[in-house]
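# Survey of secondary and tertiary structure
Chain residues, written in single-letter form:
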Amino acid sequence: QLQRMLWVPVVIGGLAFGMNWALVPSILCDGPFFGTRAFASNYNVITLSSVFGDFLLSTALSGRLYDYERRKQNNGTECYGKVCFRQTFNIVSGVAFFTCFVSLALYLRSRRKYKEL
């Protein structure tokens with residue numbers, strides 16, 4: 001039953017990720033912050049930040065913390081229980097909340113600029 005419902009959050013996550021990339025060109029062309037002058041450079045930096053962030057959070061962080069927890073459990077080849085990814089979840093959640101805070105700050109800053117226009 002639970003496995004059949006897994007597609008719902010996967011679809012929601014995929015749509016959110018896709019919508020994010022659909023909005024990136026519009027955000028980069030926004031005059032008060034970036035403008036069209038360095039659009040290509042800014043777009044490439046955002047694209048590379050996604051790649052580096054994915055590598056750091058999913059490969060380097062998750063893999064190392066999983067291996068650490070696995071070694072703590074009788075030096076086995078597998079890790080069992082919620083403890084295997086708890087620390088990774090907490091760190092990634094912290095990063096997500098930080099980005100939400102930065103996005104909110106950017107929104108509030110841009111709202112004042114648009115009122116001036």
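Refer to the preceding data block for the structure.
Here we summarise the structure given alongside this text.

## So, helix 1 (residues 7-28)
Over its 22 residues, helix 1 extends 32 Å from the first C-alpha to the last, a length consistent with the 32 Å expected when each residue adds 1.5 Å. In helix 1, a bend of some 30 degrees at A22 exceeds every other bend along the element, and P25, a proline, comes one to four places later.

## Here's the deal with the side chain of E69
Position of E69 among the secondary structure elements: in helix 2 (residues 39-72). Non-local contacts of E69, meaning those with residues more than four positions away in its chain, are made with C79, V83, C84 and Q87.

## Side note on a positive patch on the surface
A cluster of like positive charges, contributed by R109, R111, R112, K113 and K115, occupies part of the molecular surface. By the secondary structure assignment, R112 is in helix 3 (residues 83-116).

## Some thoughts on the packing of helix 2 against helix 3
The contact between helix 2 and helix 3 brings their axes to 8 Å, and the two run at 150 degrees. When the axes of helix 2 and helix 3 are compared, the crossing they make is right-handed. Judged by residue contacts, L57, L61, S62, L65, Y66 and E69 of helix 2 engage V83, C84, F85, Q87, T88, I91, V92 and V95 from helix 3. The residue inventory of the contact of helix 2 with helix 3, partitioned by class, reads 10 nonpolar, three polar and one charged.

## Description of the layout of surface pockets
In this structure, the largest pocket spans a volume of roughly 750 Å³. Taken together, 24 residues line the largest pocket, and the ones lying closest to its centre are N20, V24, I27, I46 and S103. Those elements that place two or more of their residues in the lining of the largest pocket are helix 1, helix 2 and helix 3. Looking at side-chain class alone, the lining of the largest pocket contains 14 nonpolar, eight polar and two charged residues.

Conventions we followed
- Residues numbered from 1 in each chain as written.
- Predicted model: local features only at pLDDT ≥ 70, side-chain atom pairs only at ≥ 80, totals over all residues.
- Heavy atoms only, no water.
- Helix = DSSP H or I, 4+ residues; strand = E, 2+ residues; numbered from the N terminus.
- Expected span 1.5 Å × (residues − 1).
- Bend = angle between axes of the 7 residues up to and from the residue.
- Contact = heavy atoms within 4.5 Å.
- Patch = residues over 30% accessible without salt bridge, like charges linked within 9 Å, V, L, I, M, F, W, Y side chains within 5 Å.
- Areas by Shrake-Rupley, 256 points an atom, 1.4 Å probe, with all protein chains shown as cover.
- Salt bridge = Lys/Arg side-chain N within 4 Å of Asp/Glu carboxyl O.
- Lys, Arg positive; Asp, Glu negative; His and termini not counted.
- Charge placed at Lys NZ, Arg CZ, Asp CG, Glu CD.
- Axes fitted to C-alpha atoms, helices over the stretch in contact; angles between N-to-C directions.
- Left-handed = near helix turned anticlockwise from the far one by under 90°.
- Nonpolar A, V, L, I, M, F, W, Y, C, P; charged D, E, K, R; others polar.
- 1 Å grid on protein atoms, 1.4 Å probe; cavity = no way out; pocket = protein on both sides within 12 Å on 5 of 7 lines; lining within 4 Å.
- Points joined across faces, edges and corners; volume = space filled by probe spheres on them.

Limitation: the analysis is restricted to geometry and does not speak to function.
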